[in-house]
Amino acid sequence: MNSQYQVVVYGASGYTGKLVAWKLAERGIPFIAAGRDQARLEAEMAKVPELKGHDYQCVAVKNDKSALTDLFTGRKVVINVVGPFMQLGQPVVEACLAAGCHYFDTTGETDWMLHVEKHFGEAFAARELALSPANSYMWMEGALAAEIALETPGIDTLDMVYYASSDTSVASTMSFLRMCTKPQHYLQNGELALWPYAKGYDVQIPGIPRPVKALPWGGGGEPIWYRDDPRVRNCSVMVAFADQQRFMGVLGILEQFERDYRHLSAAEQEEVTNRIGREVTQVEPAREVPEVARCVLSCQARGNTQSVSVILRGNSPYSQTGVFGAEAALAVLTNRLQAVGFGSAAQIVGARKLLSAQAAEGYLSYDVVAQ
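No experiment lies behind these values; they were computed from the predicted model shown. (Residues numbered from 1 in each chain as written. Predicted model: local features only at pLDDT ≥ 70, side-chain atom pairs only at ≥ 80, totals over all residues. Heavy atoms only, no water.)

**A look at the pattern of salt bridges**
Part 1 of the reasoning: Scanning the model with the defined rule gives 23 salt bridges in all.
Part 2 of the reasoning: The partner of Glu 50 in a salt bridge is Arg 287, with the nearest N and O atoms 2.8 Å apart. Note that Glu 50 is positioned in the loop between helix 2 (38-46) and strand 3 (56-60) and Arg 287 in the loop between helix 11 (266-280) and strand 13 (294-302), a separation of 237 residues in sequence.
Part 3 of the reasoning: Looking at Glu 50, the relative accessible area reads 28%, which means it is partly exposed.
Part 4 of the reasoning: As a salt-bridge pair, Arg 231 and Asp 229 come within 2.8 Å of each other at their nearest N and O atoms.
Part 5 of the reasoning: Salt bridges sharing partners connect three or more residues here, namely Lys 23, Glu 26, Arg 27, Glu 327, Lys 353 and Glu 361. (Salt bridge = Lys/Arg side-chain N within 4 Å of Asp/Glu carboxyl O. Helix = DSSP H or I, 4+ residues; strand = E, 2+ residues; numbered from the N terminus. Buried < 20%, exposed > 50% of the residue type's maximum accessible area, 1.4 Å probe, protein only.)

**Some thoughts on the packing of aromatic side chains**
Centre distance and the angle of the planes are the two values used to describe a pair of aromatic rings.
Part 1 of the reasoning: Taken as a whole, this structure holds twelve aromatic pairs when the rule is applied.
Part 2 of the reasoning: A centroid spacing of 4.7 Å and a plane angle of 50° characterise the contact between Tyr 186 and Trp 195, whose relative ring orientation is tilted. The burial state of Tyr 186 is the same as that of Trp 195; both residues are buried.
Part 3 of the reasoning: Ring geometry for Trp 195 versus Tyr 201: centroids 5.3 Å apart, planes at 65°, classification edge-to-face.
Part 4 of the reasoning: Taken together, the ring pairs connect Phe 176, Trp 217, Phe 241 and Phe 247 into an aromatic cluster. (Phe/Tyr/Trp six-rings, centres within 6.5 Å; stacked < 30°, edge-to-face > 60°.)

**Examining the nonpolar core**
Side chains of a nonpolar character, in soluble globular proteins, are inclined to be buried together.
Part 1 of the reasoning: Residues Phe 72, Trp 139, Leu 158 and Trp 217 are the most contacted members of the largest nonpolar core, which totals 119 residues.
Part 2 of the reasoning: Per-element tally for this core: the top contributor is helix 7 (residues 137-149), with ten residues.
Part 3 of the reasoning: If you look at the next biggest cluster of nonpolar residues, it comprises 15 residues, including Tyr 186, Ile 205, Ile 208 and Ile 311. (Core = buried A, V, L, I, M, F, W, Y, C linked by side-chain atoms within 4.5 Å.)

**Points about the side chain of Asn 274**
Part 1 of the reasoning: Checked against the element boundaries, Asn 274 lands in helix 11.
Part 2 of the reasoning: Not counting residues up to four positions away in its chain, the partners in contact with Asn 274 are Pro 84, Gln 87 and Met 174. (Contact = heavy atoms within 4.5 Å.)

**A word on helix 2**
Part 1 of the reasoning: Within the sequence span of helix 2, burial applies to Leu 41, Glu 44 and Met 45. The buried side chains of helix 2 occupy one side of the element, clustering within an arc of 100° when seen end-on. Along helix 2, exposed side chains directed more than 90 degrees from the buried face belong to Ala 39 and Ala 46.
Part 2 of the reasoning: At its buried positions, helix 2 is contacted by helix 1 (15-26), strand 2 (31-35) and strand 3.
Part 3 of the reasoning: Put simply, Asp 37 is the residue that caps the front of helix 2, since its side-chain oxygen is 3.0 Å from the backbone nitrogen of Ala 39. (Arc of directions from axis to C-beta. Polar contact = N/O pair within 3.5 Å; in protein donor to acceptor, adjacent residues only side chain to side chain.)

Remember that the coordinates give geometry; whether it matters functionally is a separate question.
This is how it looks when you write it as C-alpha cells:
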C-alpha cells in the first residue's frame, strides 16, 4: 500500500468517522478510510462533499490484532472511531502498539480510558507513542477549560458541566448507555470516588435562566486525566441536555436498568445496553446545524483563596470531534506532540492549540473571569 498514507481513520464509514475525514481533507492530509465493509466505506465516503478530489483510500479490514497490525505498519497515527470501545477497541490498541503508531480515539467510556491506561500506558510511553482516548467533544472541552483554569496559580478544584443540544449517533447512544451503567468516578482529595447510579442532579448553566437536570454521564474523562496530576485535588463532571424531556427519558432508562438488569452478568448487561441503544437511536442524524446544535461548557475552579470561571460557548459537538482528530493527526505529522504515553490531547497536542483550531472554524469561544 502506498506509503504516502500516514493516517488511518478506523471506523471511517460511521457518523463521526465521516466528520474526521472531512476535517483531515480540509487540512490536505491524505488518509486511509478503514473499516470492516469495503462497499459501505466507499459509499459513505462518497457522501462527504469535502472529500471530492481529496487523496484517500478505502481499505476493508477485520477487527483483529493481526489484520490491523498489517494495515497500521508503516503508518504514523490511527484515529479510532469504532465503539462501543470496551467491546471493540482492544485489538486496535494492540495493533497500534505492535505497529508503532500513535493512538487517538473518540470514546466517552471512562472504563475504557482506565483500561487502556492500566494495560498499555507504560508500553506506549516506552515507545514514545501517544495513547490518547476521548479526543472528542466529550471529554476534551472540559480538559481544555480545565487547562485554562489551571493557569491561575493555586487552583486545585474543578467542577464542570456540559450542556448540549445535538442529536446522538447510533454508536454514541450505545456507548453512553453502557458507560452510564458502569462505575462513575469523580475526584475527591486526590482519590477516585463513585457517584450513585441513575440519579439526576440540579445544575445551573451560565446564560440559561433556569436550573436543569444533569447526570454524571459515566463520570467524565476529566477525573481520569487529572487524578495523578499534582495540580488537581478535586474534579467533577456533569452532563445536561437542552432537551430536558429527552434527558428524563434517558434517566428513566437508567432507572429501569437498575431495577431489571443490574443483576445480570457483565456480558449480558452489554447486550442489554446495545439493544436499548439501537432502539433509542435507529438512524444516524444529519450533519449538525450550528444554530441548532449549540453547547456550553462551564468550569468553575477554586483554590484556597482563588477562584476562576471558564466558560466555553460553541456549537456542533460532533464536528468539533472531527477537528480534534484532525489536529491530533496534524501534530503527529509535523512532529509537534508535547507529550507521549497516556494522556489527554489537551496535554499531548496542547490546549491552546486545540482551542485556537476550534475557534478558527467557528466552533468555540471562551471567557475567563476571576472571581
